[in-house]
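# Residue-level structural notes
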Amino acid sequence: MTTYWHPFADMSAVQAAGELTLARGDGSHVWDTEGNRYLDATAGLWFANVGHGRAEIADAAAAQMRQLAAYSTFGDLTNPPTAMLSDRLAAIAPVEGSKVFLTSGGSDSIDTATKMVRRYWSLAGYPERTVLIRRERAYHGMHTAGTSLAGIRANAEGYGGLLADVVEVGWDDAAALRAVIDEIGADRVAAFFCEPVLGAGGVFPPPEGYLNAARDVCREAGVLFIADEVITGFGRCGDWFASTRFGLEPDLITCAKGVTSGYLPLGAVIAAPSVWEPFWSEGAGMFRHGYTYSGHAAVSAGALANLDILENEGLLVRAKALEGSLTEALAPLERHAIVSEVRGGTGVLAAVQIDPDRLDADPSLVGRLVPACRRHGIMTRALATGALQISPPLVLTDAELEELTSGLRAALDDLEA
Ligand SMILES: Cc1ncc(COP(=O)(O)O)c(C=O)c1O
């Protein structure tokens, strides 16, 4: 019996069916301990942008570990790779003059962002601006702040009282956002949290014009706009950030995952001058927030090597091309008998939605989706709506795209039979 308590798992079911132990990865593929090969349709948990098995990242982290693996960066301390990484992230940030606060992952970044925005308003003399607005279907990680911001209802149930002053709006309606801000009073609202493409909630790309309209609503109401780019950053949407692509100029960007392609745990909050200036000005005092591994030297070295790969191999441009070919390749699956919709078209992000009527009629179906895909050599997972997540590494070749679609089709055929 396993001692490992898996995250996001029904452990009784895991014990009954057994675990799957992955041993190795290379490019767009992973292998289990039995030697079975799978096409990684999800890039791990949306993170392996440069693909698996990149020795350059391992070598960079190892070399830094031999020099100085880690040291605190509290107060005035820093280290060379962390200083370089923060310069590099500031240079690619969509807002000029940004500053970079490093964390250990996406949930940390969201927690940091909620504290930053509330403290920002407090420093600015408006401590009553505490309300955080989340979107329906949103996923912002599982720390207490992220759980409070969960638009996926089940993710927030059973924990008692979470953060106060959190309000939900529809996921696709900027006019509704404006109405909610007006109703609460802009002078009470701190920030709006927005995934440019809703990810774990089921991969819902933004309706045409939505992101810019929501951004305008926030700007007019003086509400801080936070782009949660934990999934969409670092090439996944064909640019360094989806915010760059859509010209959003967010007040804060939260990111993680693709910044190291998952080789090491790292997150960041990138703050525009509008937010960092009051914190950095004389008299603001200490921002009493930070983590043991904020600015971890070996992690920063790994991140720099990952950014080099993204840049040197032209993976942002490659992602833009893959966005089109992936959409085209998956489109015919929409006609499959058990599929109701294929969503995608913004970035290398898609979802094959299993027909909700079929899911309602056969409650065992959702549990059979992933095993069927694995039998056909495709590693994926089911998202909140019962859709299959498709977010492969950005290095996916044309032949691997064909492997992905034919494996998915074979799995769907099995499930229909
Ligand atoms: C949009 C978004 N925000 C935050 C997070 C949380 O990141 P982490 O799991 O690294 O804490 C995720 C994770 O998938 C995410 O998709």
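One structure accompanies this document, and this report is about it.

Procedures and definitions
Residues numbered from 1 in each chain as written. Predicted model: local features only at pLDDT ≥ 70, side-chain atom pairs only at ≥ 80, totals over all residues. Heavy atoms only, no water. 1 Å grid on protein atoms, 1.4 Å probe; cavity = no way out; pocket = protein on both sides within 12 Å on 5 of 7 lines; lining within 4 Å. Points joined across faces, edges and corners; volume = space filled by probe spheres on them. Nonpolar A, V, L, I, M, F, W, Y, C, P; charged D, E, K, R; others polar. Helix = DSSP H or I, 4+ residues; strand = E, 2+ residues; numbered from the N terminus. Polar contact = N/O pair within 3.5 Å; in protein donor to acceptor, adjacent residues only side chain to side chain. Patch = residues over 30% accessible without salt bridge, like charges linked within 9 Å, V, L, I, M, F, W, Y side chains within 5 Å. Areas by Shrake-Rupley, 256 points an atom, 1.4 Å probe, with all protein chains shown as cover. Salt bridge = Lys/Arg side-chain N within 4 Å of Asp/Glu carboxyl O. Buried < 20%, exposed > 50% of the residue type's maximum accessible area, 1.4 Å probe, protein only. Near = heavy atom within 4 Å. Lys, Arg positive; Asp, Glu negative; His and termini not counted. Expected span 1.5 Å × (residues − 1). Pairing = 2+ DSSP bridges. Axes fitted to C-alpha atoms, helices over the stretch in contact; angles between N-to-C directions. Parallel < 35°, antiparallel > 145°, perpendicular 65-115°, else oblique. Left-handed = near helix turned anticlockwise from the far one by under 90°. Contact = heavy atoms within 4.5 Å. Phe/Tyr/Trp six-rings, centres within 6.5 Å; stacked < 30°, edge-to-face > 60°. Lys NZ or Arg CZ within 6 Å of the ring centre and 35° of its normal.

### Describing empty space enclosed by the protein
- Here the structure, examined in full by the defined rule, presents one cavity of 30 Å³ or more.
- Considering only enclosed or pocket space, the largest cavity measures out at about 30 Å³ in volume.
- Taken together, Ala93, Pro94, Val95, Ser98, Pro250, Asp251, Ile253, Ile270 and Ala272 make up the full set of residues lining the largest cavity.
- Class assignment for the residues of the lining of the largest cavity results in seven nonpolar, one polar and one charged.

### A word on the side chain of Ser98
- Locating Ser98 in the fold gives a position in the loop between α4 (80-92) and β4 (99-103).
- Reaching out from Ser98, the side chain makes a polar contact with the backbone oxygen of Val95 at a distance of 2.7 Å.

### Structural notes on the layout of surface pockets
- Size it by volume and the second largest pocket reaches roughly 1100 Å³.
- Surrounding the second largest pocket, 34 residues form its lining, Thr73, Gly75, Val100, Phe101 and Trp280 being those nearest its centre.
- Listed by contribution, the elements that provide at least two residues to the lining of the second largest pocket are α4, β4, α5 (106-123), β10 (267-271) and α10 (273-280).
- Looking at the lining of the second largest pocket element by element, the count peaks at five residues for α4.
- In the lining of the second largest pocket, the residues fall into 18 nonpolar, eleven polar and five charged.

### Focus: a nonpolar patch on the surface
- A surface patch of nonpolar side chains, about 290 Å² in accessible area, is lined by Leu68, Tyr71 and Leu77.
- Locating Tyr71 in the fold gives a position in the loop between α3 (55-68) and α4.
- Judged by its relative accessible area of 52%, Tyr71 falls in the exposed class.

### What about the site of the ligand?
- Every residue near the ligand is listed here: Gly105, Gly106, Ser107, Tyr139, His140, Gly141, Glu195, Asp228, Val230, Ile231 and Lys257.
- Asp228 is positioned such that a nitrogen or oxygen atom in its side chain is 2.7 Å from a nitrogen atom of the ligand.
- Within the contact set of the ligand, an oxygen atom lies 3.0 Å away from a side-chain nitrogen or oxygen of Lys257.
- Protein contact buries 82% of the 390 Å² of open area that the ligand shows by itself.
- By residue class, the composition of the shell around the ligand is three nonpolar, five polar and three charged.

### So, the side chain of Asp40
- Note on placement: Asp40 falls in strand β3 (residues 37-40).
- The buried charged residue Asp40 lacks any salt bridge partner; its closest oppositely charged side chain belongs to Arg236, at an N-O distance of 8.1 Å.
- One polar contact links Asp40 to His52, side chain to side chain, over a distance of 2.7 Å.

### A short note on α5
- End to end, α5 covers 25 Å across 18 residues, agreeing with the expected 26 Å (1.5 Å per residue, within 8%).
- If you check which residues of α5 are buried, you get Gly106, Asp108, Ser109, Ile110, Asp111, Thr112, Ala113, Thr114, Met116, Val117, Tyr120 and Trp121.
- After α5 finishes, the residue Gly125 shows a positive phi value of roughly 95°.

### Comments concerning the sheet that holds strand β8 (residues 224-228)
- An order of β4-β10-β9-β8-β7-β5-β6 is seen for the seven strands of this open sheet, with the pairing classed as mixed. At either margin of the open sheet sits one strand with a lone partner, and together these are β4 and β6 (166-169). Going from strand to strand, the sheet's axes swing by 20° on average, the running direction of each strand aside.
- Of the strand pairs in this sheet, β4 and β10 are connected by five bridges, and their pairing is antiparallel. By the bridge assignment, Leu102 is partnered in β10 with Ala268.

### Side note on the sheet that holds strand β12 (residues 350-354)
- The strand order β11-β12-β14 describes an open sheet built from three strands, whose pairing is antiparallel. Strands at the two margins of the open sheet, each flanked by one partner only, are β11 (339-344) and β14 (387-390). On average, each strand axis in the sheet is inclined to that of its neighbour by 15°, with strand direction left out of account.
- Here β11 pairs with β12 via five bridges, running antiparallel. Looking at β12, one finds that Gly344 is bridged to Ala350.

### A word on the packing of α3 against helix α11 (residues 297-312)
- The N-to-C vectors of α3 and α11 enclose an angle of 150°; their axes lie 8 Å apart at closest approach. Between α3 and α11, the angle is such that the two are roughly antiparallel. Considering how the two elements wind past one another, α3 and α11 form a crossing that is right-handed. Where α3 abuts α11, its residues Glu56, Ile57, Ala60, Ala61, Gln64, Met65 and Leu68 lie against Ala297, Ala298, Ala301, Gly302, Ala305, Asn306 and Ile309.
- Among the residues forming the contact of α3 with α11, the class breakdown is ten nonpolar, three polar and one charged.

### Describing the environment of Tyr120
- Mapped onto the elements of the fold, Tyr120 is located in helix α5.
- In sequence terms Tyr120 and Ala190 are 70 residues apart; their C-alpha atoms lie 8.7 Å from each other.
- Discounting residues that sit within four places of it in the chain, Tyr120 has contacts with Leu224, Ser274, Val275, Pro278 and Phe279.

### Description of the packing of aromatic side chains
- Evaluation of the coordinates by the stated rule reveals ten aromatic pairs.
- A ring pair is formed by Trp121 and Tyr126, whose centres lie 6.1 Å apart and whose planes are at 80°; its orientation type is edge-to-face.
- Ring pairing ties together the aromatic residues Phe101, Phe279 and Phe287, which thus form one cluster.
- Its end group placed over the ring of Trp276, Lys99 keeps NZ or CZ at 4.5 Å from the ring centre.
- Directly above the aromatic system of Phe204 lies the positively charged group of Arg343, at a separation of 4.0 Å from the ring centroid.

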